[in-house]
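Each chain, written out:
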Amino acid sequence: MTIRDVSELEEIDIENLEFLGFGHYGNVYKLDNSHVLKIFHDEKLALIFEKNHAESFIEYLTKLSNKKLNIIVAPEAVYKDEHGYVLAYVSKYINGIKLNSDDFGEVDINVFMKALESFYCELAKIKDLIFYDGSARNLILEDGLKLVDLDLAKFQRCLDYEDVLKENYRILNNAIYKAITKLKSEDRLNDINLFELVCL
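Every value quoted in this text rests on a predicted model; they were computed, and no experiment measured them.

A. Structural view of the pattern of salt bridges. Scanning the entire structure with this criterion turns up 8 salt bridges. E122 is paired through a salt bridge with K125; the nearest N and O atoms lie 2.6 Å apart. Taking the relative accessible area as the measure of exposure, E122 reaches 13% and is therefore buried. Linking E162 and K166 is a salt bridge whose minimum nitrogen-to-oxygen distance equals 3.1 Å. Taken together, the residues span about one helical turn, with E162 and K166 both in helix 4 (residues 161-181) at a distance of 4 residues. On the basis of relative accessibility, which here comes to 47%, the residue E162 falls in the partly exposed class. Where salt bridges share partners, they join K38, D149 and D151 into one cluster.

B. View of the pairing of strand 6 (residues 86-92). Where burial is concerned, most of strand 6 is hidden: 6 out of the 7 residues are buried. As paired elements, strand 5 (residues 75-80) and strand 6 share 5 bridges and run antiparallel to each other. By the bridge assignment for strand 6, A77 is matched with V90. Hairpin remark: strand 5 followed by strand 6, antiparallel, with 5 residues in the connecting loop; positive phi at G84, about 90 degrees.

C. Structural view of the layout of surface pockets. Of the volumes computed, that of the largest pocket is approximately 800 Å³. Going through the elements one at a time, strand 2 (18-22), strand 3 (26-30), strand 4 (35-40), helix 2 (57-65), strand 6 and strand 7 (97-98) are the ones with two or more residues in the lining of the largest pocket. The volume enclosed by the second largest pocket comes to roughly 290 Å³. Residue assignment for the lining of the second largest pocket shows that the elements contributing at least two residues are helix 2 and strand 5. For the lining of the second largest pocket, a count of residues per class yields 8 nonpolar, 3 polar and 5 charged.

D. Layout of helix 4. Its 21 residues place the ends of helix 4 30 Å apart at the C-alpha level, agreeing with the 30 Å of an ideal helix rising 1.5 Å per residue. Within helix 4, burial applies to V164, L165, N168, I171, L172, N173, A175, I176, A179 and I180.

E. Region of the structure containing helix 3 (residues 109-123). When the terminal C-alpha atoms of helix 3 are compared, their 20 Å separation across 15 residues agrees well with the 21 Å that a helix rising 1.5 Å per residue should span. Sitting at the head of helix 3, D108 places a side-chain oxygen 2.8 Å from the backbone nitrogen of N110.

Here is what the cut-offs are and how they apply
Residues numbered from 1 in each chain as written. Predicted model: local features only at pLDDT ≥ 70, side-chain atom pairs only at ≥ 80, totals over all residues. Heavy atoms only, no water. Salt bridge = Lys/Arg side-chain N within 4 Å of Asp/Glu carboxyl O. Buried < 20%, exposed > 50% of the residue type's maximum accessible area, 1.4 Å probe, protein only. Helix = DSSP H or I, 4+ residues; strand = E, 2+ residues; numbered from the N terminus. Pairing = 2+ DSSP bridges. 1 Å grid on protein atoms, 1.4 Å probe; cavity = no way out; pocket = protein on both sides within 12 Å on 5 of 7 lines; lining within 4 Å. Points joined across faces, edges and corners; volume = space filled by probe spheres on them. Nonpolar A, V, L, I, M, F, W, Y, C, P; charged D, E, K, R; others polar. Expected span 1.5 Å × (residues − 1). Polar contact = N/O pair within 3.5 Å; in protein donor to acceptor, adjacent residues only side chain to side chain.

In C-alpha coordinates form, the structure reads like this:
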(Lines give C-alpha, C1' and ligand atoms only; values in the text may rest on other atoms or scores of the structure.)
Protein backbone atom coordinates (compact mmCIF):
# COMPACT_ATOMS: atom_id res chain seq x y z
CA MET A 1 0.00 0.00 0.00
CA THR A 2 1.33 3.41 -1.00
CA ILE A 3 1.29 6.26 1.54
CA ARG A 4 0.94 9.78 0.16
CA ASP A 5 0.70 13.25 1.62
CA VAL A 6 -2.78 14.77 1.67
CA SER A 7 -1.47 17.74 -0.34
CA GLU A 8 -1.32 15.42 -3.37
CA LEU A 9 -5.12 15.38 -3.41
CA GLU A 10 -4.95 18.91 -4.80
CA GLU A 11 -3.50 17.44 -8.00
CA ILE A 12 -6.76 15.53 -8.59
CA ASP A 13 -9.61 17.38 -10.31
CA ILE A 14 -12.27 16.01 -7.99
CA GLU A 15 -15.08 18.17 -9.40
CA ASN A 16 -14.73 16.43 -12.76
CA LEU A 17 -14.66 12.90 -11.35
CA GLU A 18 -17.74 10.71 -11.59
CA PHE A 19 -19.55 10.74 -8.25
CA LEU A 20 -20.45 7.19 -7.20
CA GLY A 21 -22.06 7.73 -3.81
CA PHE A 22 -21.79 8.94 -0.24
CA GLY A 23 -22.16 7.54 3.24
CA HIS A 24 -21.85 8.51 6.88
CA TYR A 25 -18.09 8.89 6.61
CA GLY A 26 -17.22 10.07 3.12
CA ASN A 27 -17.83 10.48 -0.61
CA VAL A 28 -16.72 8.01 -3.26
CA TYR A 29 -15.56 9.01 -6.77
CA LYS A 30 -14.51 7.00 -9.80
CA LEU A 31 -10.84 7.88 -10.19
CA ASP A 32 -10.33 5.90 -13.41
CA ASN A 33 -11.64 2.69 -14.97
CA SER A 34 -9.90 0.59 -12.33
CA HIS A 35 -9.96 2.65 -9.12
CA VAL A 36 -12.18 4.65 -6.80
CA LEU A 37 -11.25 7.49 -4.45
CA LYS A 38 -12.90 7.73 -1.04
CA ILE A 39 -12.59 11.10 0.73
CA PHE A 40 -13.69 11.37 4.34
CA HIS A 41 -15.99 14.27 5.23
CA ASP A 42 -13.73 15.94 7.79
CA GLU A 43 -10.80 15.51 10.17
CA LYS A 44 -13.10 14.60 13.08
CA LEU A 45 -13.90 11.35 11.31
CA ALA A 46 -10.21 10.64 10.94
CA LEU A 47 -9.93 10.84 14.71
CA ILE A 48 -12.88 8.45 15.11
CA PHE A 49 -11.10 5.86 12.98
CA GLU A 50 -7.93 6.32 15.00
CA LYS A 51 -9.82 5.58 18.22
CA ASN A 52 -11.70 2.65 16.70
CA HIS A 53 -8.59 0.53 16.16
CA ALA A 54 -6.02 -0.85 18.57
CA GLU A 55 -3.35 0.22 16.10
CA SER A 56 -3.38 3.49 14.15
CA PHE A 57 -5.85 3.63 11.27
CA ILE A 58 -3.05 3.69 8.72
CA GLU A 59 -1.51 0.60 10.34
CA TYR A 60 -4.91 -1.09 10.24
CA LEU A 61 -5.31 -0.31 6.51
CA THR A 62 -1.80 -1.62 5.84
CA LYS A 63 -2.60 -4.91 7.59
CA LEU A 64 -5.90 -5.09 5.69
CA SER A 65 -4.15 -4.61 2.34
CA ASN A 66 -1.70 -7.38 3.25
CA LYS A 67 -4.53 -9.92 3.61
CA LYS A 68 -4.55 -10.60 -0.16
CA LEU A 69 -7.89 -12.40 -0.13
CA ASN A 70 -10.29 -12.34 -3.08
CA ILE A 71 -13.25 -11.29 -0.93
CA ILE A 72 -11.56 -8.18 0.51
CA VAL A 73 -11.23 -4.92 -1.43
CA ALA A 74 -8.50 -3.08 0.47
CA PRO A 75 -6.89 0.34 -0.09
CA GLU A 76 -4.01 0.51 -2.53
CA ALA A 77 -2.97 4.06 -1.57
CA VAL A 78 -3.80 6.38 1.32
CA TYR A 79 -3.55 10.15 1.79
CA LYS A 80 -2.47 11.26 5.28
CA ASP A 81 -2.15 14.67 6.91
CA GLU A 82 0.66 16.06 9.05
CA HIS A 83 -0.68 14.18 12.10
CA GLY A 84 -0.64 10.86 10.27
CA TYR A 85 -4.44 10.74 10.01
CA VAL A 86 -5.89 9.18 6.88
CA LEU A 87 -8.21 11.61 5.05
CA ALA A 88 -8.69 9.66 1.81
CA TYR A 89 -7.74 6.44 0.10
CA VAL A 90 -7.75 4.73 -3.29
CA SER A 91 -9.04 1.19 -3.82
CA LYS A 92 -10.00 -1.06 -6.72
CA TYR A 93 -13.19 -0.19 -8.60
CA ILE A 94 -15.71 -3.04 -8.35
CA ASN A 95 -18.28 -2.65 -11.08
CA GLY A 96 -20.82 -5.06 -9.66
CA ILE A 97 -24.19 -5.30 -7.96
CA LYS A 98 -24.60 -4.21 -4.33
CA LEU A 99 -26.75 -6.54 -2.29
CA ASN A 100 -28.85 -3.57 -1.09
CA SER A 101 -29.67 -2.46 -4.66
CA ASP A 102 -32.76 -3.18 -6.75
CA ASP A 103 -30.54 -4.91 -9.34
CA PHE A 104 -29.85 -7.67 -6.83
CA GLY A 105 -33.34 -9.04 -7.52
CA GLU A 106 -32.29 -9.77 -11.11
CA VAL A 107 -29.34 -11.98 -10.14
CA ASP A 108 -29.49 -15.60 -11.29
CA ILE A 109 -29.73 -17.78 -8.19
CA ASN A 110 -27.18 -20.30 -9.50
CA VAL A 111 -24.64 -17.52 -10.02
CA PHE A 112 -25.25 -16.17 -6.53
CA MET A 113 -25.04 -19.59 -4.86
CA LYS A 114 -21.69 -20.28 -6.55
CA ALA A 115 -20.37 -16.87 -5.46
CA LEU A 116 -21.62 -17.42 -1.93
CA GLU A 117 -19.91 -20.80 -1.66
CA SER A 118 -16.58 -19.30 -2.71
CA PHE A 119 -17.12 -16.35 -0.37
CA TYR A 120 -17.57 -18.57 2.68
CA CYS A 121 -14.54 -20.67 1.75
CA GLU A 122 -12.41 -17.50 1.70
CA LEU A 123 -14.03 -16.22 4.88
CA ALA A 124 -12.92 -19.38 6.68
CA LYS A 125 -9.28 -18.43 6.01
CA ILE A 126 -9.54 -15.29 8.16
CA LYS A 127 -8.29 -15.88 11.69
CA ASP A 128 -7.99 -12.43 13.25
CA LEU A 129 -10.27 -9.93 11.47
CA ILE A 130 -13.94 -9.28 12.26
CA PHE A 131 -16.12 -7.43 9.76
CA TYR A 132 -18.15 -5.31 12.16
CA ASP A 133 -19.28 -3.11 9.26
CA GLY A 134 -20.33 -6.05 7.10
CA SER A 135 -23.71 -5.12 5.59
CA ALA A 136 -25.63 -5.46 2.34
CA ARG A 137 -24.31 -2.10 1.10
CA ASN A 138 -20.73 -3.30 1.69
CA LEU A 139 -21.23 -6.54 -0.24
CA ILE A 140 -20.83 -6.37 -4.03
CA LEU A 141 -21.36 -9.21 -6.51
CA GLU A 142 -18.97 -9.02 -9.46
CA ASP A 143 -16.79 -11.99 -10.40
CA GLY A 144 -17.57 -13.24 -6.90
CA LEU A 145 -18.88 -11.68 -3.71
CA LYS A 146 -16.61 -8.99 -2.26
CA LEU A 147 -16.47 -6.78 0.85
CA VAL A 148 -15.77 -3.07 0.38
CA ASP A 149 -15.47 -0.02 2.68
CA LEU A 150 -14.09 -1.94 5.65
CA ASP A 151 -13.17 1.10 7.73
CA LEU A 152 -14.77 -0.25 10.91
CA ALA A 153 -13.60 -3.85 10.77
CA LYS A 154 -11.13 -4.78 13.52
CA PHE A 155 -8.21 -7.10 14.04
CA GLN A 156 -8.89 -9.10 17.19
CA ARG A 157 -5.72 -10.77 18.41
CA CYS A 158 -7.28 -11.73 21.74
CA LEU A 159 -9.91 -14.00 20.15
CA ASP A 160 -9.24 -17.49 18.87
CA TYR A 161 -9.99 -18.59 15.33
CA GLU A 162 -13.32 -20.23 16.14
CA ASP A 163 -14.66 -17.10 17.85
CA VAL A 164 -13.59 -14.89 14.94
CA LEU A 165 -15.23 -17.23 12.44
CA LYS A 166 -18.48 -17.45 14.40
CA GLU A 167 -18.73 -13.67 14.71
CA ASN A 168 -18.09 -13.14 11.00
CA TYR A 169 -20.69 -15.79 10.16
CA ARG A 170 -23.20 -14.07 12.45
CA ILE A 171 -22.63 -10.62 10.95
CA LEU A 172 -22.52 -11.66 7.30
CA ASN A 173 -25.30 -14.26 7.50
CA ASN A 174 -27.52 -11.53 8.93
CA ALA A 175 -26.56 -9.05 6.18
CA ILE A 176 -27.13 -11.57 3.38
CA TYR A 177 -30.41 -12.81 4.87
CA LYS A 178 -31.76 -9.26 5.16
CA ALA A 179 -30.71 -8.49 1.57
CA ILE A 180 -32.64 -11.49 0.30
CA THR A 181 -35.79 -11.16 2.40
CA LYS A 182 -36.36 -7.51 1.45
CA LEU A 183 -36.78 -8.47 -2.22
CA LYS A 184 -40.25 -8.31 -3.74
CA SER A 185 -42.21 -11.56 -3.92
CA GLU A 186 -41.84 -11.79 -7.70
CA ASP A 187 -38.05 -11.68 -7.49
CA ARG A 188 -36.50 -15.04 -8.27
CA LEU A 189 -34.26 -15.16 -5.18
CA ASN A 190 -37.28 -15.35 -2.88
CA ASP A 191 -38.19 -18.86 -4.04
CA ILE A 192 -35.13 -20.58 -2.58
CA ASN A 193 -34.41 -22.13 0.78
CA LEU A 194 -33.04 -19.20 2.78
CA PHE A 195 -31.67 -21.39 5.55
CA GLU A 196 -29.59 -23.33 3.05
CA LEU A 197 -28.39 -20.10 1.45
CA VAL A 198 -27.05 -18.34 4.54
CA CYS A 199 -26.26 -21.25 6.87
CA LEU A 200 -23.80 -23.24 4.77
